[in-house]
Amino acid sequence: TREQDQWLDPRNFGTLVHEVLETTMLEICDANETPSFAQHLARMHEIANEAAEKWREEVPPATEPAFIRQRDELMTVCEVFLKTEEQRCELIVPRFFEAPFGMEDAAQSPIGIVEPLRIPLGSGREVKLRGMIDRIDQVLTTGGWQVWDYKTGSLWDYQRVWRLQAGKKLQHVIYSRALEQMLLAHGLTEPLDVAREKRN
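Source: prediction; values computed, not measured.

How should I be thinking about the packing of helix H1 (residues 10-30) against helix H3 (residues 64-88) in this particular structure?
Packed helices, taken two at a time, are described by their axes: the angle between them and the distance between them. Look at H1 against H3: their axes get within 11 Å of each other, and the N-to-C directions meet at 40 degrees. The angle between H1 and H3 places the two elements in the oblique class. In this structure, the crossing between H1 and H3 has a hand that is right-handed. In this structure, H1 contributes Phe-13, Leu-16, Val-17, Val-20, Leu-21, Met-25 and Ile-28 to the contact, and H3 contributes Gln-70, Glu-73, Leu-74, Val-77, Cys-78, Phe-81, Leu-82 and Glu-85. Taken together, the residues of the contact of H1 with H3 break down into 12 nonpolar, one polar and two charged.

I would appreciate a short explanation of the layout of surface pockets in the present structure.
With a probe scaled to a water molecule rolled over the atoms, the places where space remains empty come into view. Volume-wise, the second largest pocket comes out at about 350 Å³. Contributing to the lining of the second largest pocket are 20 residues, with Cys-29, Asp-30, Pro-94, Arg-95 and Phe-97 lying nearest its centre. The set of elements that each furnish at least two residues to the lining of the second largest pocket consists of H1, strand E1 (92-101) and helix H5 (192-199). Per-element tally for the lining of the second largest pocket: the top contributor is E1, with seven residues. Considering only residue class, the lining of the second largest pocket consists of 10 nonpolar, three polar and seven charged.

What is the right way to read H1 from this model?
Spacing of three or four residues puts side chains on the same side of an α-helix, whose turn is 3.6 residues. With 21 residues, H1 extends 30 Å between its outermost C-alpha atoms, agreeing within 8% with the 30 Å of an ideal straight helix rising 1.5 Å per residue. Those residues of H1 that fall on the buried side of the exposure criterion are Phe-13, Gly-14, Leu-16, Val-17, His-18, Val-20, Leu-21, Thr-24, Met-25 and Ile-28. Residues of H1 that are buried make contact with helix H2 (37-58), H3, E1 and strand E4 (131-139). Following H1 by one or two positions, Asn-32 has its phi on the positive side, about 55 degrees.

Whenever I open this one, the packing of H2 against H3 confuses me. Can you help?
Two numbers describe how H2 lies on H3: the axes approach to 9 Å, and their chain directions differ by 150 degrees. As H2 packs across H3, the resulting crossing turns out to be right-handed. Residues Phe-37, His-40, Leu-41, Met-44, His-45, Ala-48, Asn-49, Ala-52, Glu-53 and Arg-56 of H2 form the contact with H3, whose own contacting residues are Glu-64, Phe-67, Arg-71, Leu-74, Met-75, Cys-78, Glu-79, Phe-81, Leu-82, Lys-83 and Glu-86.

Cut-off values and rules
Residues numbered from 1 in each chain as written. Predicted model: local features only at pLDDT ≥ 70, side-chain atom pairs only at ≥ 80, totals over all residues. Heavy atoms only, no water. Axes fitted to C-alpha atoms, helices over the stretch in contact; angles between N-to-C directions. Helix = DSSP H or I, 4+ residues; strand = E, 2+ residues; numbered from the N terminus. Parallel < 35°, antiparallel > 145°, perpendicular 65-115°, else oblique. Left-handed = near helix turned anticlockwise from the far one by under 90°. Contact = heavy atoms within 4.5 Å. Nonpolar A, V, L, I, M, F, W, Y, C, P; charged D, E, K, R; others polar. 1 Å grid on protein atoms, 1.4 Å probe; cavity = no way out; pocket = protein on both sides within 12 Å on 5 of 7 lines; lining within 4 Å. Points joined across faces, edges and corners; volume = space filled by probe spheres on them. Expected span 1.5 Å × (residues − 1). Buried < 20%, exposed > 50% of the residue type's maximum accessible area, 1.4 Å probe, protein only.

These values are about where atoms sit, not about what they do.
Written out as structure tokens, the structure reads:
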């Protein structure tokens, strides 16, 4: 049951946002361009509109104003995202998107690994983990790597000084460990000038 002024619940809206961000960045990177608010906003709005209409068919809104309100929110997300990426991409190169680890179809990704991430617990025990990293960037100045997971909810949990929160928030640590395994498996230790060349 949904309220009359709600179209998508937070989880589905987050999935919609992920789709729009991924599609937009893939188009920009495939064209060997860097994100530009002036150059790419109109196209990103097109992508967002197409995705919203697709979701509307699958999840009909209770009312038209409910649909319009969240569609407008999606457009605002696009604007904030492009403004931020325009600044960030002066220092980094987006390299991979939706990078899987521990998934059977991971071999289809240029960075994915089929094997799960194994976390040893001692005494011969271990935890096997699988997941999907939203985005992996390479830093131009150092050649280092960054992992990103897009968040569409509150930032409150991520603004505290103690980020791990006594072991209750581990996603960023797990993703960093998974990325180490991905880089090792694919031999991605290329010099920084290669990353720069790909960017240009």
